[in-house]
Amino acid sequence: MRGAEELSGADGPVAVVRLPDGQAVLTVVRGRRQEADGSWWYELELPLFTRAEAGDGRLRPEPEPVSFFAPGTQDVVLAVPGEDYSGVPTWRHPAAVRREARRRRLGRPRRPLPWDP
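Residues numbered from 1 in each chain as written. Predicted model: local features only at pLDDT ≥ 70, side-chain atom pairs only at ≥ 80, totals over all residues. Heavy atoms only, no water.

Student: Whenever I open this one, the overall build of the protein confuses me. Can you help?
Tutor: The helix and strand inventory of the protein stands at two helices and six strands. Overall, the protein shows an N-to-C arrangement of helices and strands of α-β-β-β-β-β-β-α. Within the protein, the proportion of its 117 residues that are buried is 28%. Once local pairs closer than 6 in sequence are excluded, the contacts in the protein between residues at least 24 apart make up 48%. Accessible surface for the protein amounts to roughly 8000 Å². Of this, 53% is attributable to carbon and sulfur atoms. (Helix = DSSP H or I, 4+ residues; strand = E, 2+ residues; numbered from the N terminus. Buried < 20%, exposed > 50% of the residue type's maximum accessible area, 1.4 Å probe, protein only. Contact = heavy atoms within 4.5 Å. Areas by Shrake-Rupley, 256 points an atom, 1.4 Å probe, with all protein chains shown as cover.)

Take a look at the structure:
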């Protein structure tokens, strides 16, 4: 696995994601979004290989980023100590924003957000 320092130069903070088969890999965090049902999802980027044809017709491997969404739960997406997530683009569905505003008006405590410590 590459170090966080190497991936950090990829235009965004890194996070560890646990894949469905149990592997844990470093990914670049591209965005986060809250859906209408209140669930959080992270848009992540993982550098994988692709085939590229050289000028002489031979194939060679080249890195190609693959984007995907992962559920923003503590057992799937894990923060890397020292990474700054404050600049990650965040989008929230209007229904989720209204629901949270209604809870605040009623004096109910808000649930912690995925990036809260």
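Student: What exactly am I supposed to notice about the nonpolar core here?
Tutor: Nonpolar side chains in soluble globular proteins generally cluster together in the buried interior. Grouped together as the largest cluster of nonpolar side chains are 16 residues, with contacts concentrated most on Val17, Val29, Leu44, Ala70, Val77 and Tyr85. Breaking this core down by element, the ones donating at least two residues are β1 (14-18), β2 (24-34) and β3 (40-53). With four residues, β2 is the single largest residue contributor to this core. (Core = buried A, V, L, I, M, F, W, Y, C linked by side-chain atoms within 4.5 Å.)

Student: Would you explain the side chain of Glu45 in this entry?
Tutor: Checked against the element boundaries, Glu45 lands in strand β3. Beyond its immediate sequence surroundings of up to four residues, Glu45 is in contact with Thr27, Val28, Arg30, Pro65, Val66 and Ser67.

Student: In this structure, what is going on with the pattern of salt bridges? I would like to understand it.
Tutor: A side chain with one charge can pair with a side chain of the opposite charge if their charged atoms come near. Across all of its chains, the model carries five salt bridges by this definition. Across the salt bridge formed by Glu45 and Arg30, the nearest N and O atoms sit 2.8 Å from each other. Of this pair, Glu45 sits in strand β3 while Arg30 sits in strand β2; the two residues are 15 residues apart in sequence, bridging distant segments of the chain. Measuring nitrogen to oxygen at the nearest pair gives 2.8 Å for the salt bridge that ties Arg92 to Glu100. Taking relative accessible area as the criterion, Glu100 reaches 12% and is therefore assigned buried. (Salt bridge = Lys/Arg side-chain N within 4 Å of Asp/Glu carboxyl O.)

Student: Please explain the environment of Glu53 as it appears in this structure.
Tutor: Here Glu53 is to be found in strand β3. Glu53 sits in the exposed class, given a relative accessible area of 59%. Setting aside anything within four residues of it in sequence, one finds Glu53 in contact with Arg58, Leu59 and Arg60.

Student: I'm lost on the pairing of β1 in this one. Help?
Tutor: Examined bridge by bridge, β1 and β2 share five bridges and lie antiparallel to one another. Within β2, the position partnered with Val14 by the bridge is Val28. Two successive antiparallel strands, β1 and β2, enclose a turn made up of five residues, where Gly22 displays a positive phi of approximately 100°. Bridge analysis of β1 against strand β5 (residues 77-79) gives three bridges, and the strand direction is antiparallel. What sits directly across from Val17, in β5, is Val77. (Pairing = 2+ DSSP bridges.)

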